[in-house]
Each structure stands twice: as C-alpha cells, then as structure tokens.
Protein chains: 2
Amino acid sequence: MYICHTVAEIRKFVREARTRGQTVGFVPTMGYLHEGHLELMRQAKERCDVVVISIFVNPTQFGPQEDFARYPRDLERDVQMAGEVGVDAVFNPSVEEIYPAGYCTYVEVERITERLCGLSRPGHFRGVTTVVAKLFNIVAPDQAFFGQKDAQQVLVIKRMAADLNMDLEVVTVPTVREADGLAMSSRNVYLDAVQRQAALVLSRSLQAAAEAVAAGQRDVSTIRQLVVDMIKAEPLAEIDYVEIYSHPDLEPVVTLNGPALLALAVKIGRTRLIDNIILGVRDHVSNNV
Amino acid sequence: MYICHTVAEIRKFVREARTRGQTVGFVPTMGYLHEGHLELMRQAKERCDVVVISIFVNPTQFGPQEDFARYPRDLERDVQMAGEVGVDAVFNPSVEEIYPAGYCTYVEVERITERLCGLSRPGHFRGVTTVVAKLFNIVAPDQAFFGQKDAQQVLVIKRMAADLNMDLEVVTVPTVREADGLAMSSRNVYLDAVQRQAALVLSRSLQAAAEAVAAGQRDVSTIRQLVVDMIKAEPLAEIDYVEIYSHPDLEPVVTLNGPALLALAVKIGRTRLIDNIILGVRDHVSNNV
C-alpha cells in the first residue's frame, strides 16, 4: 500500500492509475478507523479498480470549543486496517499541506446546512464542504463514499457536487452498527462503560420511532415526542436536537407522506453523538437500525 | 466550430479531445466579445491544442441595481468573431443550466475580495468565483485565460484555484487597449461620443502615475492624489475608488518598495469603468498602458 503526505504525490499516484485505465474510488476520513469506515472502503473496492483514502483531521470543521485537539488519532493502526481491506493508497497530509499560509477560500452550501448539525455547530459544514471540495480536486475520483451515519453531511456533499458540477458520483453507504445497535463512530472511544450503555438510547429511540411509523403513526410531532421522551428518560443523556425533516430536501414536515429523516444529536457526558433513520411510509420498512 | 448549450454536450466535446491526447485551453466570457477577449483566445490557441470558450452572462455576479438585464448580448456576432480566431467550441448555457432550481452552493474567497471592486460591488466576487469554479469543473481545462483588465478578478481566481487545488493553470493576459488608451470593455458600448472622450481620463491618469513613479516618486498617497486630481478635473467622471495595494497580496502600502497595483473604478455617466496598472519600482517600467 502506498502512503503519502503531499498533494503532488497522491496526484501522481492517481494519474498513473488513470494511465493504466483504472477507475478510482475515494474514501475521505478523519482516521481512527472503525468498521463503518472499512465498509466504505470495501464498497469502494467492489466498485472501483483503485481505492484511495485520506486521513486528515480537518481543523476547519471543528468549532473553537470542540474536540479538534483531542480527536483520536492513530495512523499506524489506521494504515494496518486499511491495508487489510485492500486500500491501495493512503493520503495523510499535514494541516499546512491542506491550508498553507494565506489560505482564504471556502465552499458553502446554503439552506440544507441551516438545520440539525448546521445549527448546533456553526461553520461545521463550511469546513466539511471546503475540505471535501479540495480532496475531490486533489484525488479526482470517479466515485466517493460516505456513510449514512452522517446523514446531513451526505446530503450537503451531494448538493455541493451537483451544484458545482463536480464530475464524480457520491455513493452513500448504510450506517454500520455495533451488535447492540450503537452506530459506529470514532468518538465512541470517549465513552466509559456506563456512558456506553446509556448511549444505546439513541438507536433504541430511532427504532421505536420506526416501529410507531410501521404501526401507522403519521403525525410528525407525536413521533418526535416519543423519541424525546425516551431520551429524556436516560439520565446521562442530554438532547442537542431531535428533528424530523423531509428527505433529501430537509424541509419541515407535519404529516409523514414520503421519506423523512429522523435525526438526533445527544450528549452523553462530554461526548456528542449523532444518529438517524430514514422513516419511509410507503413500505413501512425503515433502514438499518 | 462546435456550439452547444448543455453541460453534458461540452463535457463530451472535451472528453473526446482528451481521448485524442489534446490539451484544452478555456476562456470564460460574458460575451459581447471585443479585442481583449480575442487576445485571450489567441493566447489559448497558441498554448493549447483545443480552445473552448464560454459565453454566459452570469446573474450571480451582478448586484440588484447593476446592469445584468441590459448587459450587451449578441451571440451570432460572438460566434463569428470566435470562429475567426480559431476557437474550437462555444459553450453557451442558459441560466437554468448553470443554476437549476434548488441551487445553493457558493465559493467564496475572503480577504482579497474585501477591497476595490469587492467593496463597491458586494457579492460580486462570490458570483464570479462560484461560476468560474463551476465552469472549471465542467470544462476541466489545462489552462484558463483571464485579462489583466480585471486585475482583482485574476488575483481572486488564482487564489481560488490554488486554495481549492484545482488542477489547472490560470494565465493572465495583458490588457488590450484602443489606440487612444481606453481599456477594451464590453461596457464601452454604453458610452456616447462625449463620454467616450471623457473616459480617456482613466488610462491617462494611470499613465501619469507610472511616469511619476519612473521619475522617482515612491509616496503612495502622493501618487494616489495625483490620479484623483486628474480624474476630478474631468467633469463627466465620478470616482468610485482609486487605490494602491501591494501586488499580488492586496495589502495596504505606504511607500512603494515592490510591485503595487494601482486600480480605479470611475463612473462616466451611468457607466462604471475600471482600469489598472502595476507600478513596478525595480526597473521603473510599468506595464501596458
């Protein structure tokens, strides 16, 4: 596996693959890989000849009070795991390589970033879209892979790619969960054993909502309240938001009559976790909780 | 010459050129071509195998009180002129092709857009960088050509391309002028004969500044005042700005000790004209006024 740290090096690697007529799949990550990331890489490997991943903890998507400094990092472990699922190249740039002195350009998606995590984390999506635009330009993949765990992020990146005429396909991969339902996240490492148990309220409440919908419930505020009540019953949990919007446009919705995103952000101790489910009303089947 | 109106068509055209191993030069324009545009195309033709131009009057770079609706348009004449200098393809999209319903992504360069035309025309550069980012992604050229007449625009686009790791070269082409010194501009068509004569004060004042520098003047406020006084002596002229900043960083400068951009925007009647010169102190030679 090829490991490099500069834009010039990864560009050369990708160009050589293209010269051989190979297609390129790309998985951008912040490292500290878990099964969710590996699933993205497996999907990329299945669909593309060559798989490139980036490992870059992007400072511009963290707020000043957030966990940029203490975000978990372990390059050696990441490289090992990526190698095991057949990744061909790891691009691991420094902050200075991505944001050199004098850097001053930002990509911003409006409207759908003004809800959910966009409200809780001002500037977060501007950091995400900026770094992803850069990485897309650097790697120039045919397909890029993102997890449904970050549901709003996927929608924002798809919007950006379409709006800016980026010549690639954004592929969404279902959330990967622990056996007990907890969505995989690099931030799960922050949880102690008691918090880890409390964190199950996220997926359990989503599941309860899906069951209510399957049983015929269509009133959005009733469904939302069911989730809120379940989370409030967990003493270690503090709600950041619990919201239901139409999917994929993220417009307010009163009565379910099409796919809707039930998304939540909950703090367990100092750790902010997110999870979501798409509530479908046609076939009464919800996705992978 | 190939003329098309959709993203899919121009992409196909460029891909076929690439398959033949040809390099691609790109000249984005708002049409109503003049000798300045043609010079960009000739330069592109000289450096690249295939030359693509776009003709698109971009609504997002006009303010609500500006001249979007009355901006001059003449596609037939433009196509004729482009053909004569050897352009291979004209991409002439509709507004809906570039900004379909639901469009909400913008590219923004900070700092260097906060001066000069960025101050006079809020949102102007955001519109420019957004549409140019899109056009770069659509056409995927090796080189893109811009005129020094829009000095700040060139700096902003170079900054964007570098910051976002766009894989192309931005080439600056010197300002083309009428025999009497007036910088070529599609907006010159707005001027009547008397205004046309008055408009010469722009290039004359820049020339006077260059001569003062050649004679040893280094004090920026003295140089600026010389230009201001000359323009104020022209009754039909109304100054929007006359500024001198370091080039290319556009930082304030008190004493000339390196290349500096003397840029001005002046209204002649309802018509806002811009012009500029780079004041060099090393060789006492200024550029093309």
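Preceding this section is the structure that the text describes.
Residues numbered from 1 in each chain as written. Chains lettered and ligands numbered in written order. Predicted model: local features only at pLDDT ≥ 70, side-chain atom pairs only at ≥ 80, totals over all residues. Heavy atoms only, no water.

(A) Structural view of the state of the cysteines. Summed over the entire model, instances satisfying the criterion amount to 0 disulfides over all chains. The closest cysteine sulfur to the non-disulfide-bonded Cys4(A) is located on Cys48(A), 18 Å from its own sulfur. Relative accessible area serves as the criterion here: at 1%, Cys4(A) is assigned to the buried category. No disulfide involves Cys117(B); its nearest neighbouring cysteine sulfur is the one of Cys104(A), lying 17 Å away. On the basis of relative accessible area, Cys117(B) is assigned to the buried category, the value being 6%. (Disulfide = S-S within 2.5 Å. Buried < 20%, exposed > 50% of the residue type's maximum accessible area, 1.4 Å probe, protein only.)

(B) Layout of the pairing of strand β7 (residues 169-173) of chain A. All names here are of chain A. Of the strand pairs in this sheet, strand β6 (residues 143-147) and β7 are connected by 5 bridges, and their pairing is parallel. Considered in β7, the bridge of Phe145 is made with Val171. Crossover β6 to β7 through helix α7 (residues 151-163) is right-handed. (Pairing = 2+ DSSP bridges. Helix = DSSP H or I, 4+ residues; strand = E, 2+ residues; numbered from the N terminus. Right-handed = clockwise from strand over helix to strand, strands pointing away.)

(C) Local environment of the sheet that holds strand β9 (residues 260-268) of chain A. All names here are of chain A. Read across the sheet, 3 strands follow the order β8-β9-β10 without closing on themselves; strand pairing throughout is antiparallel. One side of each edge strand has no neighbouring strand; the edge strands of this open sheet are β8 (237-246) and β10 (271-279). The sheet shows a mean angle of 15 degrees between the axes of neighbouring strands, direction not considered. Direction of pairing for β8 relative to β9: antiparallel, over a ladder of 9 bridges. Note on β9: the bridge partner recorded for Glu238 is Lys267. Strand contacts of helix α10 (residues 220-232): β8, β9 and β10, with the helix running at about 165 degrees to β8, the strand carrying the most contacts. (Axes fitted to C-alpha atoms, helices over the stretch in contact; angles between N-to-C directions. Contact = heavy atoms within 4.5 Å.)

(D) Summary view of the nonpolar core. Among the nonpolar cores identified, the biggest contains 106 residues, and Val52(A), Phe136(A), Val52(B) and Phe136(B) are the most heavily contacted of them. Setting aside chain neighbours within four positions, we find Phe136(B) in contact with Phe26(B), Pro141(B), Ala144(B), Phe146(B), Ile157(B), Met160(B), Met166(B) and Leu168(B). (Core = buried A, V, L, I, M, F, W, Y, C linked by side-chain atoms within 4.5 Å.)

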